[in-house]
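Reading the structure
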Amino acid sequence: QKGFKVVPLGVKGGTMDGNLSAYLLAPAGSDAYVCLDAGTVSNGIEKAIEKKTFNVNGETVLKKYIKGYLISHPHLDHISGMVINSVDDTVKQVYAMEHCIGVMKAHYFNWQSWPNLANDGNAPALNKYRYQQLSEGEETPLAETRMSVRAFPLSHSKPYSSTAFLVKSGESYALYFGDTGPDEVEKTDHMRRVWAAVAPLVKSGQLTGVFLEVSYPNAQPDRHLYGHLTPKWFIQEFEVLAGLTGKERLRGLNVVVTHIKPTGNNEEIIRKELNAGNTLGLRLIFPEQGVKFELN
Ligand SMILES: Nc1ncnc2c1ncn2[C@@H]1O[C@@H]2COP(=O)(O)O[C@H]2[C@H]1O
């Protein structure tokens, strides 16, 4: 089977602490998932069961279906669900780049913030979560799944970093961006480097979807982006990809819109601004907590 299935456990940025960034991703036809970021875990599993996305209990989803966590950066809204659930969880892998593993060791699984359920850091390390360090561009198999991942660094308000994950299953790929500012504002080429890596996969039709953040409406001034995108910058970044692939290649590309901060009626404003700016014909997907969808 080609492509992936996605079960969002949490979809928002900002302060809604029962619904923060976390996306289960598995090859189509498989229940061996990884969790892309883990802001909200239990509440998302519960919502998915209510919505009949899963017909097993929450314990089975947490312990058996989730085979590992991919953490883009160590901000609480991307990691707190994993930390809180670690007590009830089973042995699994935690994949992240070096800086992010460093923060988890020093600041979360350190016995002071939380018991050290991981396999390194302050003694005694209880050895339940196994840190797997990802290096830029290197393909790492995702244990107990049919998937592998390549990681790319992102800039999330300099000097802080985040990560994009390019997940492979068979001949299909899905690209997940953690929080990121636009290259032009961050004064980096990090997003461009990701686009350059995936452009051939867009041309060959193997890239089944892109998860990209939009945190604020266009009215947010660039000096207050804090390492995030607005609809204008989101579209502008896809224009960079279009410059590498040709615009026509992006028509109908699945793009999952993540990390909207739901202040006031910003969700509606952002949706309108994205739709109005979508001259590339991207297939914008606004994910809902617990509602499964497919990428193929
Ligand atoms: N300099 C700042 N002043 C006020 N708020 C900030 C500043 N930097 C970051 N933030 C906020 O802190 C939040 C942390 O999570 P986010 O990166 O999603 O979004 C960030 C902003 O909302």
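Everything here concerns the structure above.
Residues numbered from 1 in each chain as written. Predicted model: local features only at pLDDT ≥ 70, side-chain atom pairs only at ≥ 80, totals over all residues. Heavy atoms only, no water.

Owing to its 3.6 residues per turn, the α-helix aligns residues three or four sequence positions apart on the same side. Taking 1.5 Å of rise per residue, the 14 residues of helix α6 (residues 190-203) would be expected to cover 20 Å, and the 21 Å separating its terminal C-alpha atoms lies within 8% of that figure. A maximum bend of about 35° is found in α6 at Ala 197, where proline Pro 200 lies one to four positions downstream. Among the residues of α6, His 190, Met 191, Val 194, Trp 195, Val 198, Ala 199, Leu 201 and Val 202 are the ones counted as buried. Lining the buried residues of α6 we find β8 (147-155), β9 (161-169), β10 (172-177), α5 (183-186), β11 (207-213) and α7 (231-245). (Helix = DSSP H or I, 4+ residues; strand = E, 2+ residues; numbered from the N terminus. Expected span 1.5 Å × (residues − 1). Bend = angle between axes of the 7 residues up to and from the residue. Buried < 20%, exposed > 50% of the residue type's maximum accessible area, 1.4 Å probe, protein only. Contact = heavy atoms within 4.5 Å.)

As a further point, take the packing of aromatic side chains. Enumeration according to the criterion identifies 12 aromatic pairs in this entry. Joined through ring pairs, the aromatic side chains of Tyr 23, Phe 165, Tyr 176 and Phe 211 make up one cluster. The ring of Phe 286 has Arg 271 lying over it, and the distance from NZ or CZ to the ring centre is 4.2 Å. (Phe/Tyr/Trp six-rings, centres within 6.5 Å; stacked < 30°, edge-to-face > 60°. Lys NZ or Arg CZ within 6 Å of the ring centre and 35° of its normal.)

We now examine the nonpolar core. Counting 37 residues, the largest nonpolar core has Leu 175, Phe 177, Phe 234 and Phe 238 as its most contacted members. Sorting the residues of this core by element identifies β8, β9, β10, α6, β11, α7, β12 (254-258) and α8 (266-277) as the ones contributing at least two each. The element contributing the most residues to this core is α6, with 7 residues. Each residue touching Phe 238, except ones within four places of it in the same chain, is listed here: Trp 195, Val 210, Leu 212, Leu 250, Leu 253, Val 255, Leu 280 and Leu 282. In terms of nonpolar packing, the next biggest core, distinct from the first, is built from 31 residues, Cys 35, Ile 45, Leu 62 and Tyr 69 among them. (Core = buried A, V, L, I, M, F, W, Y, C linked by side-chain atoms within 4.5 Å.)

What follows covers the pattern of salt bridges. Using the criterion set out here, one finds 10 salt bridges in the structure. For Asp 31, the salt bridge is made with Lys 5, and the minimal N-O distance between the two is 3.1 Å. Within this pair, whereas Asp 31 is found in the loop between β2 (22-27) and β3 (33-36), its partner Lys 5 is found in strand β1 (residues 4-10), the two being separated by 26 residues in sequence. The class for Asp 31 is partly exposed, based on a relative accessible area of 38%. (Salt bridge = Lys/Arg side-chain N within 4 Å of Asp/Glu carboxyl O.)

Take the sheet that holds β2 next. Pairing is mixed across the open sheet formed by 7 strands, whose spatial order is β6-β5-β4-β3-β2-β1-β14. Among the strands making up the open sheet, the edge pair consists of β6 (129-134) and β14 (293-295). Averaged over all neighbouring strand pairs, the angle between strand axes comes to 30°, with direction disregarded. Pairing geometry for β2 and β3, over 3 bridges, is antiparallel. Bridge pairing links Leu 25 to Val 34 in β3. (Pairing = 2+ DSSP bridges. Axes fitted to C-alpha atoms, helices over the stretch in contact; angles between N-to-C directions.)

Moving on, we come to the side chain of Lys 261. Within the secondary structure, Lys 261 is located in the loop between β12 and α8. Salt bridges are absent for the buried Lys 261, whose nearest opposite-charge side chain, Asp 77, sits at 5.8 Å. When sequence neighbours within four positions are dropped, the list of residues in contact with Lys 261 reads Gly 13, Gly 14, Val 214, Ser 215, Tyr 216, His 228 and Asn 266. (Lys, Arg positive; Asp, Glu negative; His and termini not counted.)

What follows covers the state of the cysteines. Working definition of a disulfide: a covalent bond connecting the sulfur atoms of two cysteines. Applying the stated criterion across every chain, the model contains 0 disulfides. Sulfur of Cys 100: no disulfide; nearest cysteine sulfur belongs to Cys 35 and is 13 Å away. (Disulfide = S-S within 2.5 Å.)

Spatially, 7 strands are ordered β7-β8-β9-β10-β11-β12-β13 in an open sheet, and the strand pairing comes out mixed. Since the sheet does not close on itself, it has two edges, and those belong to β7 (140-142) and β13 (283-285), each with one partner. Within this sheet the neighbouring strands show an average axis-to-axis angle of 25°, counted without direction. Where β11 and β12 come together, 4 bridges link them in parallel fashion. Each bridged residue has a counterpart across the sheet, and for Leu 212 the counterpart in β12 is Val 257. Here α6 sits on the sheet in contact with β8, β9, β10 and β11, set at roughly 145° to β8.

Time to look at the site of the ligand. Within the structure, the ligand sits among His 75, Asp 77, His 156, Tyr 216, Tyr 226, His 228, His 259 and Lys 261. A distance of 3.3 Å separates an oxygen atom of the ligand from a polar atom in the side chain of Tyr 216. For the shell around the ligand, the per-class residue count stands at 2 nonpolar, 4 polar and 2 charged. (Near = heavy atom within 4 Å. Polar contact = N/O pair within 3.5 Å; in protein donor to acceptor, adjacent residues only side chain to side chain. Nonpolar A, V, L, I, M, F, W, Y, C, P; charged D, E, K, R; others polar.)

Okay, the pairing of β3 next. Here β3 shows no split at all, with Tyr 33 and Cys 35 on one side and Val 34 and Leu 36 on the other all buried. Here β2 hands over to β3 after 5 residues, with Gly 29 in that stretch at a positive phi of 85°. Both β3 and strand β4 (residues 66-70) contribute to a ladder of 4 bridges, which runs parallel. Each residue of the ladder has a partner; that of Leu 36, found in β4, is Leu 70.

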